[in-house]
Amino acid sequence: MEFFSNLFGPTWPLVWTLAKIVAIVLPIMGCVAYLTLAERKVIGFMQVRLGPNRVTFFGIRWLGGLAQPIADALKLLTKEIIIPSGANKVLFLMAPVLSLMPALAAWAVIPFDPELVLANVDAGLLYVMAITSMGVYGVIIAGWASNSKYAFLGCLRSAAQIVSYEIAMGFALVGVLMMSHSLNLVEIVKQQQGGLGALSWNFIPLFPMFIVYLISGVAETNRAPFDVAEGESEIVAGFHVEYSGMAFAVFFLAEYANMILVSTLTAVMFLGGWLSPVPFLPDGFPWLVGKVGFVLFLFLWFRATFPRYRYDQIMRLGWKVFIPVTLVWLMVIGGWMQTPYWPWK
């Protein structure tokens, strides 16, 4: 480290920060690519079919479709990006980037273990809430700039859905803040470190909040059964109906990156992050990976299982069920914490 500091001089902190950013973003992009393959394989298994199994490396069939994400990327790279004649060209091309940027920027404060975090800021939870709420602007701009009624209807539905479920997610995170007395994500994980392993994690006292946050995360990422913004049977793919090629692919990159982000936040705030579920096993990064993988599996399971909700059902669930449940549980937790019977000290 000292050698590189002498080599780059005053620019070394900038170089080191950029290196850490690349070390975080590149694996995330790889995970996004292969999450698409995992989704097709998992849903194929649940529907008793094979899923992708032809596009592989060097013709080795037992590698079963491992090259499929690479083939998909090459196909999208070679497709033409068609901009509608009546579209606002600048905003039309900016919208996919505005959707992807928040999904990547939020990783700046995500802790992978006590020492491995790009920016260990005290207001990390506030930063995540602020950054992730900006993703809706990419959706709104895409629908408006396309100059298409179908795209505009899709973006309005998506915006209303995201806003309504973000309120419930925010209240769920207030419960986490009450438990940990900190906005720092590293401290939130450390607060769950007790002598009882998984019994010390936040999902037990905050179980209703955990369920609300998980389901709201599915809704906020526009995943089935909450994918009304892309209701193919109603509005012909929704807000990105006019997009093609890599502009279309970036929207899907943002969706899968948001899935990984929501799964990681769920693991950090409710499932103990890198902490071991049993006291006699060491903590570490593999535990975080396993928990994130479990939550991602739930995302895929939901898509393979549930039919799409009607739009009025989605709004009713967000406003009339989730928000009241989180408010009531906040009062329960707040009152319980003031009594001598609160076990999670």
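Above this note sits the structure.
Rules of the game
Residues numbered from 1 in each chain as written. Predicted model: local features only at pLDDT ≥ 70, side-chain atom pairs only at ≥ 80, totals over all residues. Heavy atoms only, no water. Helix = DSSP H or I, 4+ residues; strand = E, 2+ residues; numbered from the N terminus. Buried < 20%, exposed > 50% of the residue type's maximum accessible area, 1.4 Å probe, protein only. Contact = heavy atoms within 4.5 Å. Areas by Shrake-Rupley, 256 points an atom, 1.4 Å probe, with all protein chains shown as cover. Lys, Arg positive; Asp, Glu negative; His and termini not counted. Charge placed at Lys NZ, Arg CZ, Asp CG, Glu CD. 1 Å grid on protein atoms, 1.4 Å probe; cavity = no way out; pocket = protein on both sides within 12 Å on 5 of 7 lines; lining within 4 Å. Points joined across faces, edges and corners; volume = space filled by probe spheres on them. Phe/Tyr/Trp six-rings, centres within 6.5 Å; stacked < 30°, edge-to-face > 60°. Axes fitted to C-alpha atoms, helices over the stretch in contact; angles between N-to-C directions. Parallel < 35°, antiparallel > 145°, perpendicular 65-115°, else oblique. Nonpolar A, V, L, I, M, F, W, Y, C, P; charged D, E, K, R; others polar. Core = buried A, V, L, I, M, F, W, Y, C linked by side-chain atoms within 4.5 Å. Left-handed = near helix turned anticlockwise from the far one by under 90°. Patch = residues over 30% accessible without salt bridge, like charges linked within 9 Å, V, L, I, M, F, W, Y side chains within 5 Å. Salt bridge = Lys/Arg side-chain N within 4 Å of Asp/Glu carboxyl O.

Chemist: Looking at this model, I keep getting lost on the overall build of the protein. Mind explaining?
Modeler: Scanning the protein for helices and strands turns up 13 helices and zero strands. C-alpha atoms of the protein, sized along the principal axes, occupy 65 × 60 × 45 Å. Scored against the burial criterion, the 345 residues of the protein give a buried share of 46%. Counting only contacts in the protein whose residues sit at least 6 apart along the sequence, the fraction spanning at least 24 positions is 73%. Within the structure as shown, the protein displays about 17,100 Å² of accessible surface, and the carbon and sulfur contribution to it stands at 72%. Here the protein contributes 20 positively and 18 negatively charged side chains, and the mean placements of these two sets differ by 9 Å.

Chemist: Sorry if this is basic, but what is going on with the environment of G335 here?
Modeler: Inspection of the secondary structure assignment puts G335 in helix α13 (residues 311–337). Take G335: its relative accessible area is 39%, and that puts it in the partly exposed class.

Chemist: I would appreciate a short explanation of the layout of surface pockets in the present structure.
Modeler: A probe matching the size of a water molecule, rolled over the atoms, marks out where space remains unfilled. The space that makes up the second largest pocket amounts to roughly 550 Å³. Lining the second largest pocket are 22 residues, with P27, I28, W107, F112 and F285 positioned closest to its centre. For the lining of the second largest pocket, the secondary-structure elements that each account for two or more residues are α2 (12–46), α11 (245–270) and α12 (285–305). Broken down by element, the lining of the second largest pocket gets its largest block of residues, nine residues, from α2.

Chemist: Where do I start with unusual backbone geometry in this structure?
Modeler: Here the residue pair A224 and P225 is connected by a cis peptide bond, since its omega of 10 degrees sits within 30 degrees of zero. Note on placement: P225 falls in the loop between α9 (207–220) and α10 (232–235). Not every positive phi belongs to a glycine, and V48 is a case in point at roughly 55 degrees. Along the chain, the position of V48 falls in the loop between α2 and α3 (68–78). Positive phi, normally seen in glycine, also occurs at H181, with a value near 55 degrees. By secondary structure assignment, the location of H181 is in the loop between α7 (149–180) and α8 (185–191). Judged by relative accessible area, which is 65%, H181 ranks as exposed.

Chemist: Looking at this structure, how should I read the packing of aromatic side chains?
Modeler: Ring pairs (aromatic) are described by centroid distance and by the angle formed between their planes. Under the counting rule described, the total for this entry stands at 17 aromatic pairs. Where F297 meets W301, the ring centres are 5.7 Å apart and the plane angle is 45 degrees; that geometry is what we call tilted. Of this pair, F297 and W301 are both found in helix α12, four residues apart, which corresponds to roughly one turn of the helix. Note on F297: relative accessible area 33%, which makes it partly exposed.

Chemist: Help me understand the packing of α7 against α13 in this model?
Modeler: Packed helices, taken two at a time, are described by their axes: the angle between them and the distance between them. At a minimum axis distance of 9 Å, the contact between α7 and α13 shows a crossing angle of 10 degrees. On the basis of their axis angle, the class for α7 and α13 is roughly parallel. Split into classes, the residues belonging to the contact of α7 with α13 amount to 20 nonpolar, six polar and one charged.

Chemist: Is there a simple way to explain the nonpolar core in this structure?
Modeler: Within soluble globular proteins, side chains that are nonpolar generally end up buried alongside one another. In terms of nonpolar packing, the biggest core is built from 67 residues, with W107, L185, Y213, M269 and F270 touching the most fellow members. Elements represented by at least two residues in this core include exactly α2, α5 (124–132), α7, α8, α9, α11, α12 and α13. The element that contributes the greatest number of residues to this core is α11, accounting for 11 residues. Y213 has contacts with M169, A172, L173, V262, L265, T266, M269 and F270, leaving out every residue within four places of it along the chain. Core analysis: the second largest hydrophobic core is formed by 12 residues, V139, F239, Y243 and A247 among them.

Chemist: How should the packing of α9 against α12 be read in this particular structure?
Modeler: Packing of α9 against α12 leaves a shortest axis separation of 11 Å and a crossing angle of 60 degrees. Regarding the angle of α9 to α12, the classification is oblique. As for how α9 packs across α12, the hand of that crossing is right-handed. On α12, the residues that touch L214, G217 and V218 of α9 are V295, L298, F299 and F302. Here the contact of α9 with α12 is built from residues that sort into six nonpolar, one polar and no charged.

Chemist: Would you mind showing me how to read a nonpolar patch on the surface here?
Modeler: A surface patch of nonpolar side chains, about 440 Å² in accessible area, is lined by Y34, L66, I70, L74 and L77. Among the elements that take part in the nonpolar patch, α3 stands out by supplying three residues, more than any other. One can find Y34 in helix α2.

Chemist: Can you help me understand the side chain of T326 in this one?
Modeler: On the secondary structure map, T326 appears in helix α13. Residues in contact with T326, not counting those within four places in the same chain, are A168, F171, A172, M209 and V212.

Chemist: Before we go on, may I ask you to explain the pattern of salt bridges in this structure?
Modeler: Opposite charge on two side chains permits pairing when their charged atoms draw close. Applying the stated criterion to the full structure yields seven salt bridges. Between D312 and R310 there is a salt bridge, with the nearest N and O atoms lying 2.9 Å from each other. Overall, the relative accessible area of 48% leaves R310 in the partly exposed class. Here R316 and D312 are joined by a salt bridge, their closest N and O atoms 3.3 Å apart. In this pair, R316 and D312 are both assigned in helix α13, four residues apart and thus about one turn of the helix distant.

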